[in-house]
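A structural walkthrough
Residues per chain, in single letters:
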Amino acid sequence: FPIPRDWDLSFVIDPHPQKATAWNLFAESPDGKIYIIDEADIEGDVEQICQVIRARCADKRIGWQMIDPAAGEQGARIHGRGKLIDEFRKHLPKIVKAKNAVYPGVNAVQQLVADGPGGPRLQTFRSCPVTHFQMKNLSWKGPTPTGEDRKRAEIVKRNEDHCDCVRYRIYTAPPGQSIQNVSFNIGVYAN
């Protein structure tokens, strides 16, 4: 369905120096449902990535923009330049670092995906097949090679870039708002 013009739009960037940068566009309805409405895996340097994003958002009113918080680390670079977040801010000056609380973030996403009154509060448009696939196939690492349980659960770091974008969007509060802390407890190492 067409997104009403008064809905809040936001996007998240998960940049990578060795592979395509993941990008997702989100719309939030006035009743708090969040829709993943666009996605891209973008190759190139920071300027090229930002050109693609600006082109895809040209006719949209974007409220807030987020980036993987690791982009603020000293060694985070694409094509050998300065801190990644500083490079992105040259082209997208409003971008902020997302929160990276893995377990509370995953729990917050699970709560929105769970059926409740009126259905799930997080939904993916058909225009986002990669995000949909990754969300359905996100998995946890099993026991260690020696058969011991892990000290804490870990996500398998393969095909999870768009899942990270979703988690960052759900767990990072818009400016002026706060996210409630939620507990997370993993009982199994499976989807």
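About the criteria used
Residues numbered from 1 in each chain as written. Predicted model: local features only at pLDDT ≥ 70, side-chain atom pairs only at ≥ 80, totals over all residues. Heavy atoms only, no water. Core = buried A, V, L, I, M, F, W, Y, C linked by side-chain atoms within 4.5 Å. Buried < 20%, exposed > 50% of the residue type's maximum accessible area, 1.4 Å probe, protein only. Helix = DSSP H or I, 4+ residues; strand = E, 2+ residues; numbered from the N terminus. Contact = heavy atoms within 4.5 Å. Salt bridge = Lys/Arg side-chain N within 4 Å of Asp/Glu carboxyl O. Expected span 1.5 Å × (residues − 1). pLDDT = per-residue confidence, 0-100.

Turning next to the nonpolar core. Formed by 25 residues in total, the largest nonpolar core has its most connected members in Phe11, Ile13, Trp23, Ile53 and Phe88. Listing elements by their share of this core, those giving two or more residues are strand E1 (8-14), strand E2 (21-28), strand E3 (34-42), helix H1 (46-56), strand E4 (62-67) and helix H2 (84-91). Those residues in contact with Ile53 that lie beyond four places of it in its chain are Phe11, Ile13, Trp23 and Ile42. Phe26, Ile34, Met66 and Ile170 belong to the second largest nonpolar core, which has 18 residues in total.

What follows deals with the pattern of salt bridges. For the structure on display, the rule yields six salt bridges. A salt bridge links Lys60 to Asp59; the nearest nitrogen and oxygen atoms lie 3.0 Å apart. Lys60 gets classed as partly exposed once you look at its relative accessible area, which sits at 30%. Exposure remark for Asp59: the relative accessible area of 54% places this residue in the exposed category.

Before going further, it helps to spend a moment on helix H3 (residues 102-113). Counted at 1.5 Å a residue, the expected span for H3 with its twelve residues is 16 Å, and the 16 Å between its end C-alpha atoms agrees. Among all positions of H3, only Tyr103, Gly105, Val106, Asn107, Ala108, Val109 and Leu112 are buried. Each element contacted by the buried residues of H3 is listed here: E3, strand E6 (122-124), helix H4 (129-137) and helix H5 (161-171).

If you trace the backbone, Phe26 turns up in strand E2. Expressed as a C-alpha distance, the spacing of Phe26 and Ile62, which sit 36 residues apart in the sequence, is 9.4 Å. In contact with Phe26, not counting residues within four places along its chain, are Asp8, Leu9, Ser10, Phe11, Val12, Ile34, Tyr35, Ile36, Ile37, Cys165, Val166 and Arg169.

Here we take up the environment of Tyr171. Mapping Tyr171 onto the fold places it in helix H5. Taking the C-alpha atoms as reference points, Tyr171 and Asn100, 71 residues apart in sequence, are found 8.0 Å from one another.

This part takes up the confidence of the model for the chain. Averaged over the chain, the pLDDT score is 79; the fraction of residues at 70 or greater is 73%. At the low end of the mean pLDDT range in the chain sits H3, at 77; at the high end sits E2, at 96. The low-confidence segment residues 176-191, where pLDDT is below 50, has 33 contacts with residues more than four positions distant or belonging to other chains.

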